Amino acid sequence: MKRFNSFQIKCFMAFLMVFDHIPHIPGLVPSALEGAFHVLTRCVAVWFAYLAVEGFLHTKSRLRYNARLFLWAGFMAVGNLIYNKIGAPYHLSIHNNIFLTLALGVLLLNILVGDNPVTEWGNRIRSNREWALRILGTLLVFAAGLFTEGGVLLLPFILITYLGRKRIRLRNACYFLLSAALFLLLFQPYDTPEETLQMLAMNSEFLFITVLPALSLYDGTRGPNTSLCKYFFYLFYPLHLWVIGIIAFWFV
């Protein structure tokens, strides 16, 4: 039964996000729990990637929406730079920037679809030159995604989410195929089953598939339409990382 709006699930995912990052505070989380926290939070990034596709579909201007994501990516990059200058003597650094990955994902959709919310990709391409430019742009975005946080997962996820938005069963099947491909890519047997499980826990991007329960409970509505709700994630994501990093100073 669909019962939760976007903001409600967003708050839950933000709560989970903290569990993924608090192990960076030295000595706070037992090493045995770090892998469990990492597994628990594999659904978070893809949920926000799903919302990026929702935003792309419903925004009044897809280009302005894309520009806003790049703007926040720049804001976080500057904040990380300042934090890393301060934390350098303590060997503490932050390189997370999910905004950049989401911005690349929306850029990918803009390349394939364009800024017109009505006209679709296939109806817009009228020449071989346009085909070539769009293919080249797509390849460049995927290449850039190799150097961004979670780009190897999130860019294919965003593309599948957009293309399968009207065929949920096909979309979910593609999610499972992507999950299986990531598992085969990441799996490496170690000397003992315990070591192998520990490796899988820390390299568990294939468990993004755990986002499906959240998607099944999502009712398709935004929730409260206020500036705070709209920009909640934009503010919470960098601030919680910087606050955790500042707290980590006291443990080194």
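Quick look at the structure, then. (Residues numbered from 1 in each chain as written. Predicted model: local features only at pLDDT ≥ 70, side-chain atom pairs only at ≥ 80, totals over all residues. Heavy atoms only, no water.)

1. Some details on the overall build of the protein
Defined as follows: Secondary structure elements are taken from DSSP: a helix is a run of H or I of four residues or more, a strand is a run of E of two residues or more, and numbering for both begins at the N terminus. Restricting the calculation to C-alpha atoms gives the radius of gyration, and the globule rule supplies 2.2 Å times the number of residues raised to the power 0.38. Buried means the residue's accessible area, taken with a 1.4 Å probe over protein chains only, is under 20% of the maximum for its type, while exposed means over 50%, and partly exposed covers the values in between. The contact criterion used throughout is that any non-hydrogen atoms of two residues lie within 4.5 Å.
Secondary structure assignment for the protein yields 12 helices and zero strands. Secondary structure elements of the protein occur, N-terminal to C-terminal, as α-α-α-α-α-α-α-α-α-α-α-α. What you see for the protein is a C-alpha radius of gyration of 19 Å, in line with the 18 Å of a compact globule of 252 residues. Along the first, second and third principal axes, the C-alpha atoms of the protein reach 60 × 40 × 40 Å. Looking at the protein as a whole, 45% of its 252 residues are labelled buried. Counting only contacts in the protein whose residues sit at least 6 apart along the sequence, the fraction spanning at least 24 positions is 75%.

2. Structural notes on the side chain of asparagine 80
Cut-off, in case you're wondering: Side-chain atoms alone can form a polar contact between residues adjacent in sequence; in general such a contact is a pair of N or O atoms within 3.5 Å, and within protein one must be able to donate a hydrogen while the other accepts it.
In this fold, asparagine 80 is placed in helix H4 (residues 62–87). Here the side chain of asparagine 80 touches asparagine 96 through a polar contact of 2.9 Å, landing on its backbone oxygen. Look past the residues within four positions of asparagine 80 in its chain and what remains in contact with it is Ile94, His95, Asn96 and Trp242.

3. A few points about the pattern of salt bridges
Quick note on the threshold: Here, a salt bridge means any Lys or Arg side-chain nitrogen found within 4 Å of an Asp or Glu carboxyl oxygen.
This structure, assessed with the given rule, holds two salt bridges. Salt-bridge contacts for arginine 42 lead to aspartate 20; the nearest nitrogen and oxygen are separated by 3.0 Å. Note that arginine 42 is positioned in the loop between helix H2 (31–40) and helix H3 (44–58) and aspartate 20 in helix H1 (residues 6–21), a separation of 22 residues in sequence. Both residues of the pair, arginine 42 and aspartate 20, count as buried. Here glutamate 130 makes a salt bridge to arginine 134, at a shortest N to O gap of 2.8 Å. Of this pair, glutamate 130 and arginine 134 both sit in helix H7 (residues 128–145), separated by four residues, roughly a single helical turn. Residue classification places arginine 134 among the buried positions, given a relative accessible area of 10%.

4. Brief notes about the environment of cysteine 174
Within the element layout of this structure, cysteine 174 appears in helix H9 (residues 168–186). When the C-alpha atoms of cysteine 174 and leucine 184 are compared, they prove to be 15 Å apart, with 10 residues separating the residues in sequence.

5. So, the packing of aromatic side chains
For any pair of aromatic rings, the description rests on two quantities: the centre-to-centre distance and the angle between the ring planes. Note the following rule: Pairing of aromatic rings covers Phe, Tyr and Trp, the last through its six-membered ring, and needs centres within 6.5 Å; plane angles under 30 degrees mean stacked, over 60 mean edge-to-face, and all others mean tilted. In our convention, an over-ring charge means Lys NZ or Arg CZ found within 6 Å of a ring centre and within 35 degrees of that ring's normal.
Evaluation of the coordinates by the stated rule reveals 25 aromatic pairs. Ring geometry for tyrosine 83 against phenylalanine 249: centres 5.6 Å apart, planes inclined by 5°, an arrangement best described as stacked. Of this pair, tyrosine 83 sits in helix H4 while phenylalanine 249 is found in helix H12 (residues 227–249), placing the two residues 166 residues apart along the sequence. For arginine 62, the ring lying beneath its charged end belongs to phenylalanine 56, and the centroid distance is 4.1 Å. Here the guanidinium or amino end of arginine 165 rests over the ring plane of tyrosine 162, the centre of that ring lying 4.1 Å away.

6. Some details on the environment of asparagine 225
Of note, asparagine 225 is situated in the loop between helix H11 (212–217) and H12. Of the residues examined, asparagine 225 reaches a relative accessible area of 60% and is grouped as exposed. As for asparagine 225 and phenylalanine 7, which are separated by 218 residues in sequence, their C-alpha atoms are 9.4 Å apart. A distance of 2.5 Å separates the side chain of asparagine 225 from the side chain of arginine 222, its partner in a polar contact.

Read these as spatial facts, not as claims about activity.
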